[in-house]
Amino acid sequence: MKQLFKVTGALLRTLMRNRQALFWTFFFPVLLMVVFGFLGNSNFKMHLLVAGGGSQAERKVVQAFEKIPYFHVQTKGKSAAIHLVKIGQADGVLVLPTNAATPPWKAELIYNSSNVQTAQQTVSAVETAAAQINLAFTGRPAALVVQAKAASGSRSSTFLDFLLPGILALMAMQNSLFGVAGSLTRWKEKGVLRRFLATPLRPLQFLGGVVLYQLVFGLLTSAVIVAIAMVFLHANVSLPVIPLLLVVVIGMAAFLSLGFVIAGVSRTEEATLPIINVISFPMMFLSGVFFPVTTLPHFLRTIVQYLPLTYLVDGIRGMMSGQYAPWSAQVGGDMLALLIWFVVLATISARTWRWE
Amino acid sequence: MWAGGITLPHSEVLRIMGVRKRYGQVQAVDGIDLTIDPGGIFGLLGPNGAGKTTTLEMIEGLRKPDAGQIRYGEWDLLHHQKVARERFGVQLQTSAFFELLRVDETIDLFASFYARTLPRDQLIDRFGLQEKRSAYVQNLSGGQRQRLAVAVALVNDPEVVFLDEPTAGLDPQARRNVWDSVRQLRGEGRTVVLTTHYMDEAEALCDRLAVMDHGHILDEGSPQELIQRHRPGAMIELDPSVPIADDLQLPSLQRVQRDALATALMTERLDETLAGLVMWAREHDVPLTGLRTRSATLEDVFLHLTGRSLRD
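What you are looking at is a predicted structure, and each value in this text was computed from that prediction instead of being measured. (Residues numbered from 1 in each chain as written. Chains lettered and ligands numbered in written order. Predicted model: local features only at pLDDT ≥ 70, side-chain atom pairs only at ≥ 80, totals over all residues. Heavy atoms only, no water.)

*Asks:* Honestly, the overall build of chain B in this entry has me stumped. Any pointers?
*Replies:* Looking only at helices and strands, one finds ten helices and 14 strands in chain B. For chain B, the C-alpha atoms occupy an extent of roughly 75 × 45 × 40 Å along the three principal directions. Partitioning the intrachain contacts of chain B with sequence separation of at least 6 by distance along the chain shows that 67% fall at a separation of at least 24. Element-wise, carbon and sulfur atoms account for 48% of the exposed surface of chain B, whose accessible area totals about 13900 Å². Between the centroid of the 35 positive side chains of chain B and the centroid of its 45 negative side chains there is a distance of 4 Å. (Helix = DSSP H or I, 4+ residues; strand = E, 2+ residues; numbered from the N terminus. Contact = heavy atoms within 4.5 Å. Areas by Shrake-Rupley, 256 points an atom, 1.4 Å probe, with all protein chains shown as cover. Lys, Arg positive; Asp, Glu negative; His and termini not counted. Charge placed at Lys NZ, Arg CZ, Asp CG, Glu CD.)

Below you can see the structure in the form of structure tokens.
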């Protein structure tokens, strides 16, 4: 055991000196979170045009809509406004009669119908706003007054909150695959492994040292990423530490085994990197890191749901979003699936592993 | 004799008996027998691909022979690999270490695997690595790397030290430093087993030699014995332009051998052949351009044993 720790310690030391590797380890996850975090958090405003030819009605309606914060209101000539709506530069145009001086004004809402969802939002937002405005104009007491009140402790669940668990799972996969398969084939190629084998250090002690190093490295980097996301990017996630650690460690064990399988069949580092990419790229984009698996076509979903990264993403996201209770059956199911992957891959790697 | 206050290692006889190793279609080692006595420098001499490294790695326990036995004193090494790992020191042909580990840390790491070790600072001083003790392995020169590799091979105070091509790729000065270190190992009572494809190295360094080619041991003995056995006498070399016939009759001349650089007359008695050659040249009015004489070397032995030059 002492020798195993010595190997782990030496590797951690070399890692701390490898500034470049450290930089890239953190660079992409942070970049992804920052970029997608901003995209997801941008304030949505409805772009409404009003075409009333400078009439009294136009002024009054614009004033009224400007008081409602989620509208971005602009006046425009009728044909120009309709054109902007058609090409998607505005969500809708409210066409007012140009001759009527006093209410009631009969307005026509022309909206972009290419996207059903935004079209519905536009229509209902304008109708709701119109109802409020009517109330204000007539001064008649309302029959039903709804006062909105935010639920205490409710979360906005931004895209960053969705992305962070995916990033953690992705890092667990990438670090394990590149760390084990990349380093081991390089050491095999350069003769580092054989030099260790010529000492009383046993092969399993050496490999154990490598695995322990990967686990320590993986957990430390995950902790740093979570800290950056929560402190600087204001991610809002639950952190049931023990079950999260457990699911991440089991997931890493599965991917480390996969790394050993690759390192076993590949002879050179040049051959290893493409193999890793072929395996990890589809999972990176299909397993729900960046968007939910449910958005995939049905035939893909039936395959993707069994991939190890899918289970890892699901387990981590389930707990961090608060959707799954930490020791719930769903989390247990993900852990069990990852354990099965680990056992299968570890068994294969034991058969394919070669010291040279 | 004492070395650094530490009792001398007691090495044992190494016996390699009928050892074979095959990689796919290639019979790398084809049934070799060797006896390596304790306390000397034993060299395996041969071209690349002769099977030297494979032989060494089977003794070190890094490869399992297909057949045969390897014994170290009383121990059957194929069944007691721990003995080999504890008591042998190994420098591999491509001894790579972790690139971002420091020199002193590298020695410490390897020392932590052994029960018995030599002090780190003593090794660093001995191999002239004082100034590089805090340098990362990736920043060492070729010669410094090689010295670190030998230092690490000594970290367990080994009885037998295996050096695989210890001077490959080094400049002449660095080679001589390595030679001195190797002689010092012998002086401490260790057995040194090394491979080389440099003739001068084998001749200068080794007490005993085995000439290897195509997985076979062609012959074995001290450098002088090998020369006496296969190329006694000497050689007269002439410029290739000198018209020497293959069937030239001269006293004690054994054979005429040609290559692009010289025509060589092999002789048992240099004085008789040389005198005859001078007379023949005067009679036929042939200028003896480029005339020089030399005694036979291991290079000639190798040429004789394998029919080809080591540099091929």
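*Asks:* Sorry, what's going on with the pairing of strand β9 (residues 208-213) of chain B here?
*Replies:* Working note: regular strand, side chains alternate between the two faces of the sheet. All names here are of chain B. Of all six residues that make up β9, five are buried, and the element is covered over most of its length. As defined by bridge partners, strand β3 (residues 41-45) adjoins β9 across four bridges and the pair is classed as parallel. Looking across to β9, one finds that Gly43 is bridged to Leu209. Across five bridges, the pairing between β9 and strand β10 (residues 216-221) is antiparallel. (Buried < 20%, exposed > 50% of the residue type's maximum accessible area, 1.4 Å probe, protein only. Pairing = 2+ DSSP bridges.)

*Asks:* Which parts of the structure should I look at to understand a nonpolar patch on the surface?
*Replies:* Taken together, the side chains of A:Leu239, A:Val241, A:Ile242, A:Leu245, A:Leu246 and A:Trp327 make up a nonpolar region of the molecular surface, amounting to roughly 600 Å² of accessible area. Relative to the helices and strands, A:Ile242 resides in helix α9 (residues 241-265). (Patch = residues over 30% accessible without salt bridge, like charges linked within 9 Å, V, L, I, M, F, W, Y side chains within 5 Å. Salt bridge = Lys/Arg side-chain N within 4 Å of Asp/Glu carboxyl O.)

*Asks:* What's the story with the packing of helix α3 (residues 56-66) of chain A against helix α5 (residues 116-138) of chain A in this structure? I'm lost.
*Replies:* Geometrically, a packed helix pair is captured by the angle between its two axes and the distance between the axes. Residues and elements named next belong to chain A. Close contact between α3 and α5 brings their axes to 10 Å; oriented N to C, the two are set at 110°. Taken together, the axes of α3 and α5 are roughly perpendicular relative to one another. Counted together, Lys60, Ala64 and Phe65 of α3 and Val126, Ala129, Ile133 and Phe137 of α5 form the full contact between these two elements. Taken together, the residues of the contact of α3 with α5 break down into six nonpolar, no polar and one charged. (Axes fitted to C-alpha atoms, helices over the stretch in contact; angles between N-to-C directions. Parallel < 35°, antiparallel > 145°, perpendicular 65-115°, else oblique. Nonpolar A, V, L, I, M, F, W, Y, C, P; charged D, E, K, R; others polar.)

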